[in-house]
Amino acid sequence: MNIYVLMKRTFDTEEKIVISNGRIEEEGAEFIINPYDEYAIEEAIQLRDEHGGEVTVVTIGSEDAEKQLRTALAMGADKAVLINTEDDVEESDQFTTVKILEAFFDDKEYDLILAGNVAIDQASGQIGPRLAEKLNIPYVTTITNLKIDGDTAHIERDVEGDVEKLDASLPLLVTCQQGLNEPRYPSLPGIMKAKKKPLEELELDDLDLDEDDVEPKTKTIEVFLPPAKEAGKVLEGEIDDQVKELVSLLRNESKVI
Amino acid sequence: MNFSFNEDILFLKRNVKDFIQTEVEAVAMDIEKEDKIPDRIITMSKELGLFGLSIPEIYGGLGIGMVGKCALYEEIGATHNGYTTLIGAHTGIGTVGIVELGNKKQKEKYLPPMARGERIGAFALTEPSAGSNASNIKTTAVKKGDKYILNGTKHYITNATIADVFTVMAVTDSSKGAKGITSFIVEKDFPGFKVGAVESKMGLKGSQSAEIILEDCEVPEENVLGEVGKGYVNALKILTNGRAGLAARNLGSCQKLLDLSITYTEEREQFGVPIIEHQAVAHMIAEMAVEIEALRSFTYRVAWMVDEGEKVIKEAAMLKLYGSEVYNRVADKAVQVHGGIGYISDYPIERFFRDARITRIYEGTSEIQKNIIAGQLRKEYE
């Protein structure tokens, strides 16, 4: 089986977000593989071990993403591809990403493409479905179980806490939800071996794309942090008075009733 | 001079840190209460490749130098010391003898399963009458045909209850003193091999130390490790090699204690301010940090010397001594800045304090290290 995984490098979940000049400050922050993409990588490796074939992990970004690609290789992926847009792309959105991936997959043969359900940074959840549309293949989102039997995929997916079972035909794109598997720690020998595995670097040129082709369709107007949590208010006095005060506050101050 | 780790080491280190702080730290208090390391953690450690830390790549290990090993030991030290000791004893004194002294056949037979953690290693030198005076061992090995017959008792053997492969020192010629000792690779399934009583200890819960009893234990001749009569020298070599790693483990524990101490003293308020703002507390934190930084520099300097192929008998002894003493001083200050909570068993500080105490004793006491250092100095000034 030819398996591809779409991976995104994201902020470490434990990082504190700082905004300066309307952008999220990346200086000094730790980055990780998007946790949902880790499920995708783990699933891909397990399927490869069961059915044979090859796992290729693809990411779009800058050279910094090499670290996360090496981690994926250390986990057990066979190949990695970095589509380096550092010099060509100033602004990007989901359209940009899908356009680039569409061009990348143009000459590829694939049985299965796995992606995370969402990326924890921007959480659009669009890349998988939109890419599948462009490639004209079926897709299933938020999967929690996957069995491949010949050309058929038996899938369980998470629907707001319930399980939906369905079958789909290959080639197929799926997005992975928590519960699908338990991603492994890259083994230490795996890390040593990862150095010798192929990591291909491409630029827009290599995909016959111009900067104009990938210009975003959306514009970011403003980036801001959620309002800081304010200290709570403790009401005092007789219960009746407290209730009256509470109702008044809800009505006049927070205006929720 | 370049004081930075290379990319590979940083990658390995980050990964080990992630595993230790996520998985092992989560069960550290359970290990202490139940005196057992969960099987799940052992299995994960094997899958991660930690058991092959000090084994060459051709035998399925990691094949990294001493600087790299110490970088990983530092991370392994930053959690429950019982776990640290289980891994440390296997990858240190438990396997180093075969790595350094074994012939090709012995290495091919023992190292790959030991690298995978399928077979655990242990080192058996200490006896009731031979501790610091290691040459005074009474266990005998008498040659009979193509076998040696071993008789005697070893005690305080780390990992004895879970180990499969023991590096055992025994007297082959009692007329020659230290030069009549030979090292053997002894498997737990050899006839006449038995694990005796398990000790109850002040600390290092989850790591078991026990007696091993050799009663006409049959060891094939091909299991002589190194040369006949070189056992004492071998033992010293194995212990010397282990010393940098041990210091690195202590370093990791010290760093963990500093992390915990800073976090606590920033949060805990007395007299209206976080206690770290009281100078007496701040100074203790500063003193801890200085000693840890000195230990860190010393550890990697000696590790680098090992990788350069330099002779490090004196430096390794200094490092073992310094690392153990610093760990004890840091643990003492950590208890002090934590106050009452530092003495309570629901928190990890008192556990580190108890676990630190053994480091001044095992693998050569602090006093023996001083003897080695002075002896080496006298040679230099001869």
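Because the structure is a prediction, the values reported are computed rather than measured.

Conventions adopted
- Residues numbered from 1 in each chain as written.
- Chains lettered and ligands numbered in written order.
- Predicted model: local features only at pLDDT ≥ 70, side-chain atom pairs only at ≥ 80, totals over all residues.
- Heavy atoms only, no water.
- Helix = DSSP H or I, 4+ residues; strand = E, 2+ residues; numbered from the N terminus.
- Buried < 20%, exposed > 50% of the residue type's maximum accessible area, 1.4 Å probe, protein only.
- Contact = heavy atoms within 4.5 Å.
- Areas by Shrake-Rupley, 256 points an atom, 1.4 Å probe, with all protein chains shown as cover.
- Lys, Arg positive; Asp, Glu negative; His and termini not counted.
- Charge placed at Lys NZ, Arg CZ, Asp CG, Glu CD.
- Rg over C-alpha atoms; globule rule 2.2 N^0.38 Å.
- Domains from an automatic or database assignment.
- Buried area = accessible area lost by both parts, 1.4 Å probe.
- Salt bridge = Lys/Arg side-chain N within 4 Å of Asp/Glu carboxyl O.
- Nonpolar A, V, L, I, M, F, W, Y, C, P; charged D, E, K, R; others polar.
- Polar contact = N/O pair within 3.5 Å; in protein donor to acceptor, adjacent residues only side chain to side chain.
- Pairing = 2+ DSSP bridges.
- Disulfide = S-S within 2.5 Å.
- UniProt positions renumbered as here; feature names shortened; annotations may be inferred.

Engineer: Would you mind going over the overall build of chain A with me for this structure?
Structural biologist: A count of helices and strands for chain A gives 6 helices and 13 strands. Each principal axis of the C-alpha distribution contributes one length, and for chain A these read about 75 × 45 × 40 Å. Counting across all 257 residues of chain A, residues that qualify as buried make up 40%. In chain A, once contacts between residues fewer than 6 apart in sequence are set aside, the share between residues at least 24 apart is 69%. Of the roughly 14900 Å² of accessible surface on chain A, a fraction of 43% belongs to carbon and sulfur atoms. A distance of 3 Å separates the average location of the 27 positive side-chain charges in chain A from that of its 59 negative side-chain charges.

Engineer: When you look at the overall build of chain B in this model, what are you seeing that I'm missing?
Structural biologist: Secondary structure assignment for chain B yields 10 helices and 10 strands. Taking 382 residues into account, the globule formula puts the C-alpha radius of gyration at 21 Å, and chain B, at 21 Å, falls close to it. For chain B, the residues scored as buried account for 55% of the 382 residues in total. Sequence-distant contacts in chain B: of pairs separated by 6 or more residues, those separated by 24 or more amount to 73%. Surface summary for chain B: the accessible area is close to 16700 Å², and the carbon and sulfur share equals 52%. Charge separation in chain B, taken as the distance between the mean sites of 45 positive and 52 negative side-chain charges, equals 6 Å.

Engineer: Explanation requested: the domain arrangement of chain B in the structure shown.
Structural biologist: Accessible area lost when the parts come together is the quantity often used to give the size of an interface. Residue and element names in this part refer to chain B. According to the domain assignment, chain B consists of domain 1 (7-115), domain 2 (121-229) and domain 3 (242-380). Centre-to-centre, using C-alpha coordinates, domain 1 lies 23 Å away from domain 2. On the domain 2 side, the residues contacting the 22 residues of domain 1 number 20 residues. Carbon and sulfur atoms make up 61% of the area that domain 1 and domain 2 hide from each other, which totals about 1700 Å². When the buried area of domain 1 at its contact with domain 2 is split by residue, D35, Q106 and Y110 rank highest and sum to 29% of it. Put simply, domain 1 and domain 2 have 1 salt bridge between them. Among the salt bridges present, the one from E187 reaches K109, with a minimum N-O distance of 3.3 Å. Contributions of two or more residues to the side of domain 1 that touches domain 2 are made by α1 (7-34), α4 (81-101) and α5 (104-115). Sorting elements by how many residues they give to the side of domain 1 that touches domain 2 places α4 first, with 11 residues. Considering only residue class, the side of domain 1 that touches domain 2 consists of 9 nonpolar, 9 polar and 4 charged.

Engineer: Can you help me understand the interface of chain A and chain B in this one?
Structural biologist: Taken together, the contact pairs 13 residues of chain A with 19 residues of chain B. Buried area between chain A and chain B, summed over both chains or domains, comes out near 1400 Å², and the portion from carbon and sulfur atoms is 69%. Contact with chain B buries surface across chain A, with Y185, L188 and M192 of chain A losing the most and accounting together for 53% of the total. Remark: the boundary between chain A and chain B carries 2 salt bridges. The salt bridge partner of K196 of chain A is E57 of chain B, with a shortest N-O separation of 3.8 Å. The tally of links from chain A across to chain B stands at 4 residue pairs in polar contact (both at pLDDT 80 or more). Those elements that place two or more of their residues in the side of chain A that touches chain B are α2 (66-75) and α5 (188-194) of chain A.

Engineer: For this particular structure, what's the right way to read the pairing of strand β4 (residues 165-171) of chain B?
Structural biologist: In regular strands, side chains alternate between the two faces of the sheet. All names here are of chain B. Within β4, 7 of the 7 residues are buried, which leaves it mostly tucked inside the rest of the structure. Burial of β4 is two-sided: the residues V165, T167, M169 and V171 facing one way and the residues F166, V168 and A170 facing the other way are all buried. Strand direction decides the pairing type here: strand β1 (residues 121-124) and β4, joined by 4 bridges, are parallel. Residue pairing across strands places G121 opposite V165, the latter belonging to β4. Here 7 bridges tie β4 to strand β5 (residues 181-187), and the two strands are oriented antiparallel to one another. Its bridge partner lying in β5, A170 is registered against T182.

Engineer: Hey, could you run me through the state of the cysteines in this one?
Structural biologist: Throughout this description, disulfide means a covalent bond between two cysteine sulfur atoms. Under the defined criterion, the tally for this structure stands at 0 disulfides over all chains. Here C254 of chain B stays free of any disulfide, with the sulfur of C70 of chain B as its closest cysteine sulfur at 14 Å.

Engineer: Just to check I follow, could you spell out the UniProt feature "domain: Electron transfer flavoprotein alpha/beta-subunit N-terminal" (unreviewed entry) in chain A for this structure?
Structural biologist: With numbering aligned to this structure, UniProt lists the feature "domain: Electron transfer flavoprotein alpha/beta-subunit N-terminal" (unreviewed entry) at residues 21-211 of chain A. In the segment residues 21-211 of chain A, helix accounts for 29% and strand for 31%; the C-alpha atoms at its two ends are 24 Å apart.

Engineer: Would you take a moment to explain the environment of A244 of chain B for this structure?
Structural biologist: All names here are of chain B. Following the sequence through the fold, A244 ends up in helix α6 (residues 231-267). Overall, A244 belongs to the buried group, its relative accessible area being 3%. Sequence separation of A244 and A316 is 72 residues, and the distance between their C-alpha atoms is 6.1 Å. Excluding its chain neighbours within four sequence positions, the residues that come into contact with A244 are M66, C70, T299 and L319.

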